[in-house]
Amino acid sequence: MSSFSSEQLDRLKSAMAKLKETVEPEFSVPEEADIPVEEEESVFAKGTYMKVDEDEMAAWLYLMPPEPGMEYTKDDLITYLNQHGVVEGLHQSNLSAMIKKKVYNREILVAKGREIQDGADGYFEYLFTPEEYGVPKIREDGSVDYTNINALQNVKAGEKVAIYHQAVQSVDGCTVLGNVMQGKLYRDLPPMRGKGIRREDEAYYAQSDGKIEVKDGKIDIQNVHEISGDVDMIIGKVEFFGDIIIYGNVEEGVTVRAGRNIEIHGSTSLANLYAGGDIILSRGIQGGNKAKVSARGNVYADFIEHTTVEAGGIVQANIIMNSNVSAKDKVIATGKKGAIIGGYVNAIKGVEATNAGNVAEIKTIIHCGYEAQTHEMLLDIRRRETDLKAKIAELVDTMSGALREKRMKGTQTSEATEKRLSEWDRLKDQYFMELDKVESERTSLEEVVEMSKGTEIKIDGNIYRGVVICINAEQMMIERNTCYMRYNVEKGVIEGNVIIHN
């Protein structure tokens, strides 16, 4: 094997270098190269470039092989990136790999921006499930299972009921070019207020046994009266300022009064129920035309038969039969067999049912909105209010004149004048008391009329002949069987429109 002298090797290297300069490179600098190498950066071979994504969140380096006898270092790459504005988020492992493994002729991710790390507002974690309160379960056939409804959740004194989680602030982001992206400012909530709870650091505890619920963002713990067996004539009356839960039956002649909610798991018959909140009858009520159910809140029942029902909210049942039902919100008869049959049903905001009436054409009256006499009552109450105001104005003028005369005469005011002033003063107070009462009645009637706007009756099934549809002061008789109808009032006339199912 022949060998070369050092002089021959030097000449060979020189010839190879000249030959390399005349050979066209295997690649050209891409048109999208953002930043070409500058002449003074002679450590980098021609064709080396760096580019930054449009959002400035990533930088890429295309490295050409170094000139013969040259070697890149990691510091060289970092300096190059810094000189071209990339100062944040350098990908150290990729830079090291490019040097160690001699990664050339490829775009390599060399810097990555830092995304904004979102925070969160402060929030309360409830250690119970307030959303389950008063929510009946829907069966497969669409009817409602009231047996599983639960009017309350009980807690024991000392039990932890809520935890406050403080706000977590976001972390600012930064682009590879060092531009800061500011995150959103997150806020803490004020301490929770409520009844029957105490606070220790960020935790809240029950102060006593009772029912727990959330109202307007406040925890409320109230006492509950529970009866495990039946309530009959021997007990006679059950009254409690809080909630009443009866796990047995409520029999004929019983009266139950609750300041809050009533929940009856057994059957109910010929009983009178009064609640400041909701009434839940898991197995319905058979009233025998003697029972009355009255709630300021809602009434839920499996069925309602031969019963008078009044609710400040909604009345919801699977079947309503031969009953007198009134609701300030809606009346809803749910499920495939949900029906209103016989009797009189009225709801200010609307009535929804699957079926109305039956094949026997039993008289069924369904009414929504304000009743016919409401409008006349409102006109009458407004006339009374006007008359009272006129009487008060006249009386005040009379009294003012008498008082001016009294001041002029001083101690010489007659006994008769003093007596008249005293009588007028008593009469004035009486007029103002009557006016307060009249104004309250007028406001209530106006609220009913206002709530009646847009009310409608929706029957999503059969409507049998003989059913009477009433909306506000208007009414119409169903002359023949029909189905899938929605009724409302337009310009004083009840109009029916077919419900179209997709």
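What you see is a predicted model; the values in this text were computed from it and never measured.

(A) Layout of the overall build of the protein. Along its length, the protein carries 5 helices and 37 strands. Relative to its 502 residues, the protein shows a buried fraction of 39%. Considering only residue pairs separated by 6 or more positions, the protein has 41% of its internal contacts joining residues 24 or more positions apart. Carbon and sulfur atoms make up 49% of the accessible area of the protein, which amounts to about 28800 Å² in all.

(B) Fine view of the confidence of the model for the protein. When pLDDT is averaged along the protein, the result is 86; 87% of the residues meet or exceed 70. Low confidence marks residues 22-33, where pLDDT is under 50. Its contacts with residues over four positions away, or in another chain, come to 9 contacts.

(C) Representation of the state of the cysteines in the model. Overall, the coordinates contain 0 disulfides when judged by the stated rule. Note on Cys470: no disulfide assigned, nearest cysteine sulfur contributed by Cys368 at a separation of 8.8 Å.

(D) Focus on the environment of Val299. The topology assignment puts Val299 in strand E26 (residues 299-311). In this structure, the C-alpha to C-alpha distance between Val299 and Val315, residues 16 residues apart in sequence, is 4.8 Å. Residue contacts for Val299: discarding those within four places in its chain leaves Ile279, Val293, Val309, Glu310, Ala311, Ile314, Val315 and Gln316.

(E) Quick look at the environment of Glu263. Note on placement: Glu263 falls in strand E21 (residues 262-264). Accessibility expressed as a relative area gives 2% for Glu263, which makes it buried. Along the chain, Glu263 and Ile280 lie 17 residues apart, while their C-alpha atoms are 4.8 Å from each other. One polar contact links Glu263 to His265, side chain to side chain, over a distance of 2.5 Å.

(F) A look at the pairing of strand E16 (residues 218-222). Extensive coverage of E16 is indicated by the burial of 4 of its 5 residues. Pairing between strand E12 (residues 194-195) and E16: 2 bridges, direction parallel. Its bridge partner lying in E16, Lys195 is registered against Asp220. Where strand E15 (residues 210-215) and E16 come together, 5 bridges link them in antiparallel fashion. When the bridges of E16 are listed, Lys211 appears paired with Gln222. What sits between E15 and E16 in their antiparallel hairpin is a turn of 2 residues, with Asp216 showing a positive phi close to 55 degrees.

(G) Here's a closer look at helix H2 (residues 74-83). Turning to H2, its buried residues number three or more, namely Leu77, Ile78, Tyr80 and Leu81. What you see down the axis of H2 is that its buried residues fit within an arc of 160 degrees, all on one side. Residues Asp75 and Gln83 are exposed on H2 and point more than 90 degrees away from its buried face. Gly85, located one to two residues past H2, shows a positive phi value of around 95 degrees.

(H) Local environment of unusual backbone geometry. With a phi close to 65 degrees, Glu56 is a non-glycine residue in the positive phi region. In this structure Glu56 comes out as partly exposed when scored by relative accessible area, which is 24%. The backbone of Leu270 sits at a positive phi, close to 45 degrees, despite the residue not being glycine. Counting through the fold element by element, Leu270 comes out in the loop between strand E22 (268-269) and strand E23 (272-275).

(I) The arrangement of the layout of surface pockets in detail. Size it by volume and the second largest pocket reaches roughly 290 Å³. Looking at the second largest pocket, it is lined by 16 residues, and the ones nearest its centre are Lys328, Ile348, Thr374, Leu445 and Val448. Those elements that place two or more of their residues in the lining of the second largest pocket are strand E27 (315-327), helix H4 (372-409) and helix H5 (415-451). For the lining of the second largest pocket, the element with the highest residue contribution is H5, accounting for 5 residues. Split by residue class, the lining of the second largest pocket holds 7 nonpolar, 6 polar and 3 charged.

(J) Spotlight on the pattern of salt bridges. Taken as a whole, this structure holds 20 salt bridges when the rule is applied. When the shortest N-O distance is used, the salt bridge between Asp243 and Arg260 registers 3.3 Å. With a gap of 17 residues between them, Asp243 in strand E19 (residues 243-246) and Arg260 in the loop between strand E20 (255-258) and E21 connect regions that are remote in the sequence. One exposure class covers both Asp243 and Arg260, and it is buried. If you follow the salt bridges from partner to partner, you end up with Arg382, Glu385, Lys389, Arg442 and Glu446 in one network.

(K) Expanded view of the sheet that holds E15. What the 4 strands build is an open sheet, ordered E8-E15-E16-E12; its pairing is mixed. Taken across any chain shown, the strands that pair with only one partner, and hence form the sheet edges, are strand E8 (153-155) and E12. When E8 meets E15, the two strands line up antiparallel, connected through 3 bridges. Note that in E15 the partner of Asn154 across the bridge is Lys211.

What counts as what
- Think of each chain on its own: its residues are numbered from 1, step by step along the sequence as written.
- In keeping with the model being predicted, local features are shown solely for residues with a pLDDT of at least 70 and side-chain atom pairs are shown and tallied solely at 80 or more, while totals for entire chains, interfaces and linings include all residues.
- The side-chain numbers reported here are obtained from all heavy atoms of the structure, hydrogens and water having been left aside.
- Only DSSP runs of H or I covering at least 4 residues are called helices, and only runs of E covering at least 2 are called strands; the numbering of each starts at the N terminus.
- Summary of the burial criterion: residues with accessible area below 20% of their type's maximum are buried, those above 50% are exposed, and those between are partly exposed, where the area comes from a 1.4 Å probe applied to protein chains only.
- Here, residues are in contact when the closest pair of their heavy atoms is within 4.5 Å.
- Only the protein chains shown count as cover for residues, with accessible areas throughout obtained via the Shrake-Rupley method and a probe of 1.4 Å.
- The predictor rates its confidence in each residue with pLDDT, a number between 0 and 100.
- Counting rule for disulfides: a pair of cysteine sulfur atoms within 2.5 Å.
- Under this definition, polar contacts are N or O atom pairs within 3.5 Å; protein pairs additionally need one hydrogen-donor-capable and one acceptor-capable atom, and for neighbouring residues in sequence, both atoms have to be side-chain atoms.
- Strand pairing follows a simple DSSP-based rule, namely that at least 2 bridges must link the two strands.
- Comment: arc refers to directions from the helix axis out to C-beta atoms.
- The rule is simple: put a 1 Å grid over the protein atoms alone, call a set of points where a 1.4 Å probe fits but cannot get out a cavity, call an open set with protein on both sides within 12 Å along at least five of seven lines a pocket, and count a residue as lining if it has an atom within 4 Å of a point.
- Grid points are joined across faces, edges and corners, and a volume is the space filled by probe spheres set on the points.
- Charged means Asp, Glu, Lys or Arg here, nonpolar means Ala, Val, Leu, Ile, Met, Phe, Trp, Tyr, Cys or Pro, and polar covers whatever is left, Gly included.
- Salt bridges are defined by distance alone: a side-chain nitrogen of Lys or Arg within 4 Å of a carboxyl oxygen of Asp or Glu.

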